[in-house]
Amino acid sequence: MVAAGSLGIFLIAGDAITGAEQQSEQERIEQAFVELSNSISSSAGSGDVSQSMELHAGDRGAIAHHDSATYKIWTQNYNGSNNNTVANGSIGTIEYEDDDGTKIAYEGGAVFRETGIQTRVLSSPPIDYNHETSTLSFPVVGLTEDKTIDSGDITIKQTNVDREPTNYIQNDHVFVEIHSEYCRGWQQYFTEQAGDTTLQESCYGGENEDGTVKVRLGYDDISNAFSSGVAVPSEDNINDKKDTFDDISSGKQYQPMDGTIQQLTDDFENGSAEHIDGYGEYTEGDYYAEELINPNLEFNLSDGDAVLAVDGDVRIDDNSGGITVSDCGPDGEGQLKIYVEGDLVMSKGEIQPDCGEDGGIETIQVYGMSTTGIDFHSNPTFNGLIYAASDKDPADDDFNGWPVEGSKKRDDSYQLNFQGANEFKGAMVVHSINTDSNLNGVDDVTPEDDAVIEPIPDGYAPAPQLTYLNLAEHEIEIKNN
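Residues numbered from 1 in each chain as written. Predicted model: local features only at pLDDT ≥ 70, side-chain atom pairs only at ≥ 80, totals over all residues. Heavy atoms only, no water.

The chain is annotated in an unreviewed UniProt entry as DUF7305 domain-containing protein from Haloterrigena gelatinilytica.

## Observations concerning the side chain of Thr 363
Within the element layout of this structure, Thr 363 appears in the loop between β28 (350-353) and β29 (364-368). Not counting residues within four places of it along the chain, the set of residues in contact with Thr 363 comprises Val 325, Cys 328, Gly 334, Gln 335, Leu 336, Pro 353 and Asp 358. (Helix = DSSP H or I, 4+ residues; strand = E, 2+ residues; numbered from the N terminus. Contact = heavy atoms within 4.5 Å.)

## Section: the nonpolar core
Ranked by internal contacts, the top residues of the largest apolar core, which has 43 residues, are Phe 299, Phe 418 and Ile 433. Setting aside residues up to four positions removed in sequence, Phe 418 forms contacts with Phe 245, Phe 376, Phe 424, Met 428, Ile 433, Asn 434, Thr 435, Asp 436, Leu 439 and Val 442. Ile 178, Cys 183, Tyr 189 and Phe 190 belong to the second largest nonpolar core, which has 30 residues in total. (Core = buried A, V, L, I, M, F, W, Y, C linked by side-chain atoms within 4.5 Å. Buried < 20%, exposed > 50% of the residue type's maximum accessible area, 1.4 Å probe, protein only.)

## Let's talk about the state of the cysteines
Inspection of every chain in the model, using the stated rule, returns two disulfides. In this model, Cys 183 is linked to Cys 203 through a disulfide, with the two sulfur atoms separated by 2.0 Å. Across the S-S bond linking Cys 183 and Cys 203, the dihedral sits near -95°, which makes this disulfide left-handed. Note that Cys 183 is positioned in helix α2 (residues 183-194) and Cys 203 in the loop between β13 (199-201) and β14 (212-217), a separation of 20 residues in sequence. (Disulfide = S-S within 2.5 Å.)

## Section: the pattern of salt bridges
On inspection of all chains with the given rule, the structure shows seven salt bridges. Here Lys 103 ties to Glu 181 by a salt bridge, and the two come within 2.4 Å at their closest N and O atoms. Note that Lys 103 is positioned in strand β4 (residues 103-107) and Glu 181 in the loop between β12 (172-179) and α2, a separation of 78 residues in sequence. Arg 315 is the salt-bridge partner of Asp 317, the closest N and O atoms lying 2.7 Å from each other. Residue Asp 317 is classed as partly exposed on the basis of its relative accessible area, which comes to 28%. In this structure Arg 315 comes out as buried when scored by relative accessible area, which is 15%. (Salt bridge = Lys/Arg side-chain N within 4 Å of Asp/Glu carboxyl O.)

The structure is reproduced here in structure tokens:
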């Protein structure tokens, strides 16, 4: 029995040593493939100048596939018609497979590690989006032939490059579709870089079972817009005289919703949405108003959500005015979404749910355009979310309707102004905020779980912040010395 126990310990220790050695070997190969990716990128950028390196790919070496993965890039206009194919072709893949089934692969500039259905991105593809020039650069790397590449010294050389003419994109979305054994790695890269809203078709979701991922590129992700109480492009965009805000996110320019709101109000005005004058009780459905001046609206969301598109301003300067939700629906999940083309000004009245504990700050969501001015003064009550992302200076002529009649706006340099005894609870995404020295009552700026927030109605995605698309196809030859 003692001998058997000793033997068992010895065997387990031996397996542990083997596993450690295997892991160490895989880590060396991972590093070698990252270096290989860098060398290929260097070769693609240096014309026909050869690059040399030592490749560590184990005893069995790596397999190069010249067309095991494919890609397609196209643009599409707002309503989904007029597809314009920009480019399509194959992507080169170099892969190593260990005895335990783990694969380490270079593909199209990226390096992936795949074990079973788990894929990890070791090195990102050289896809670059320049916000200042609104330019997306997408280099595609192909290989000259299928072959085995042994461990040892290798030479890397670009044999051809095909540069597509720079594509000018206006009011179109850019779609990329990649079919690959390492589809999950590409999906992980795109969603980590641009957010889940870019994903149009997952690798193995729904009816897709063949490893194809489809994404839409070129606009800022707004899925996490309300994860902080206040979001502005820069810390310099807040003049907080009362030290009102503790939870501030700065440094990200969220996508203005001008195109979405304009299209929505046009469709609601001329479509099936019910036209309202700002008074009465309503249930779930679509509604349109030219403007809301001292409205008295109550929504019952027990049967579903309501969407209200307002062509002009929303202004409340009467204590009897307001927009409320009387029933927030099962489990408080009902939502009232208000899309405003004009300005939002409140000096009295309320915009809030009256559903007790069922009414969270996500119940009422107000979405404004990049030129929407927002003014809270005197003693209004607001309980909800405000999204009016803007890349415009409020002092510019774009804000030509601001301030509206009844506004106490003090500083033309800021999009949102607080003054007086405001009762505010919620979160906001705006260009800039100014708080007056006599402000009080704004003490509950609350982040929201964005998982329950869908700012963009189906079919109304905003036009991309993308003007130019640069695409180059590089053909690379790799051979052992």
